[in-house]
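Structure assessment
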Amino acid sequence: MFKNFKKIGYCFLTATVLILGISSKTNSQNTAPGLCLRHTRISGSSGNVIDTNWICSRAGNFSKWIGLGDDTGWKDQELAFKAIGGAEICLEHTRVSPSSGLLRDSKCSRSYNDIQSVNLGDDTGWKDQKLTFTIYTPRENYEMCLQHRRRSGSSGKVINTGWKCASEYNQETIYLGDDTGWRDQNLRFTIRNR
């Protein structure tokens, strides 16, 4: 009888430890900082809307590649974003127009419900397009990284920025190229511990 009681007690203790461990792990995963991105654009010829839908990733994981389209007359291109898990994430897109000069669009998201977007412009000859980004978290020990790749429409050469990372309170910039016939433009991201 006493042995059975000890076995029951041991099983109960083991089950409690497992449940607490799983609960703790789940809770830490739910509070890890992350980011969601969504790219939309409108066809200049057909008027059809292309929407990647939300692509999200938390700390320690890589996002899927997000298709930004080719330089083929797209209109109203936007990159929407929202922060996850207590992070504040800021994006700034800059581009130069031969006629009107530098345009800048900066936004910050502070929560999953705080959806922001930066305008990437139309495919109308923009130059020197760049995306600058940074992350702030309460624990101040994370960095956000972006990677952009594109293929030349004439030579087929692939340009890959590699991972560019911005840690807390620092900024990093990736170059998105000019509107000069690039193909297969893609973006992906990750957030990780420093």
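Note that the coordinates shown come from a computational prediction; the quantities given were computed from them, not determined experimentally. (Residues numbered from 1 in each chain as written. Predicted model: local features only at pLDDT ≥ 70, side-chain atom pairs only at ≥ 80, totals over all residues. Heavy atoms only, no water.)

Before going further, it helps to spend a moment on the state of the cysteines. The final tally for this structure, using the stated rule, is three disulfides. The residue that forms a disulfide with cysteine 36 is cysteine 56, at a sulfur-sulfur distance of 2.0 Å. Here cysteine 36 and cysteine 56 share a disulfide; its torsion about the S-S bond, 110 degrees, makes the bridge right-handed. With cysteine 36 in strand β1 (residues 34–43) and cysteine 56 in strand β3 (residues 55–58), this residue pair connects regions lying 20 residues apart in the sequence. Looking at cysteine 36, the relative accessible area reads 0%, which means it is buried. Disulfide pairing places cysteine 145 opposite cysteine 165 at an S-S distance of 2.1 Å. (Disulfide = S-S within 2.5 Å. Helix = DSSP H or I, 4+ residues; strand = E, 2+ residues; numbered from the N terminus. Buried < 20%, exposed > 50% of the residue type's maximum accessible area, 1.4 Å probe, protein only.)

For the rest of this paragraph, the subject is the environment of glycine 67. Following the sequence through the fold, glycine 67 ends up in strand β4 (residues 66–69). Judged by relative accessible area, glycine 67 falls into the partly exposed class, the value being 27%. Residues glycine 67 and arginine 149 lie 82 residues apart in sequence; the distance between their C-alpha atoms is 10.0 Å. Apart from residues no more than four positions distant in its own chain, glycine 67 is found in contact with His39, Arg41, Thr52, Gln185 and Asn186. (Contact = heavy atoms within 4.5 Å.)

Ranked by size, the top nonpolar core spans 25 residues in total, and within it Leu37, Ile89, Leu91 and Met144 carry the most contacts. If we ignore the near neighbours within four places in the chain, the residues touching isoleucine 89 are Gly34, Leu35, Phe81, Ala83, Lys107, Cys108, Ser109, Thr134, Ile135, Met144 and Ile191. (Core = buried A, V, L, I, M, F, W, Y, C linked by side-chain atoms within 4.5 Å.)

Before going further, it helps to spend a moment on the sheet that holds strand β9 (residues 127–136). The antiparallel open sheet is built from four strands, whose spatial order is β7-β6-β9-β13. This sheet does not close on itself; its edge strands, each paired only once, are β7 (101–109) and β13 (172–177). For this sheet the average axis-to-axis angle between neighbouring strands, irrespective of direction, equals 15 degrees. Of the pairings in the sheet, the one linking β9 to β13 comprises five bridges and is antiparallel in character. The partner of leucine 131 across the bridge, within β13, is isoleucine 174. (Pairing = 2+ DSSP bridges. Axes fitted to C-alpha atoms, helices over the stretch in contact; angles between N-to-C directions.)

Once that is clear, we can look at the pattern of salt bridges. One pass over the full model with this rule turns up seven salt bridges. Note that glutamate 88 and arginine 110 form a salt bridge whose closest N and O atoms lie 3.2 Å from each other. In this pair, glutamate 88 is assigned in strand β6 (residues 88–97) and arginine 110 in the loop between β7 and β8 (116–121), connecting sequence segments 22 residues apart. On the basis of relative accessible area, arginine 110 is assigned to the exposed category, the value being 52%. Between lysine 107 and aspartate 105 there is a salt bridge, and its shortest N-O distance comes to 3.7 Å. With relative accessibility at 29%, the residue lysine 107 sits in the partly exposed group. Here aspartate 105 falls in the buried class, since its relative accessible area comes to 17%. (Salt bridge = Lys/Arg side-chain N within 4 Å of Asp/Glu carboxyl O.)

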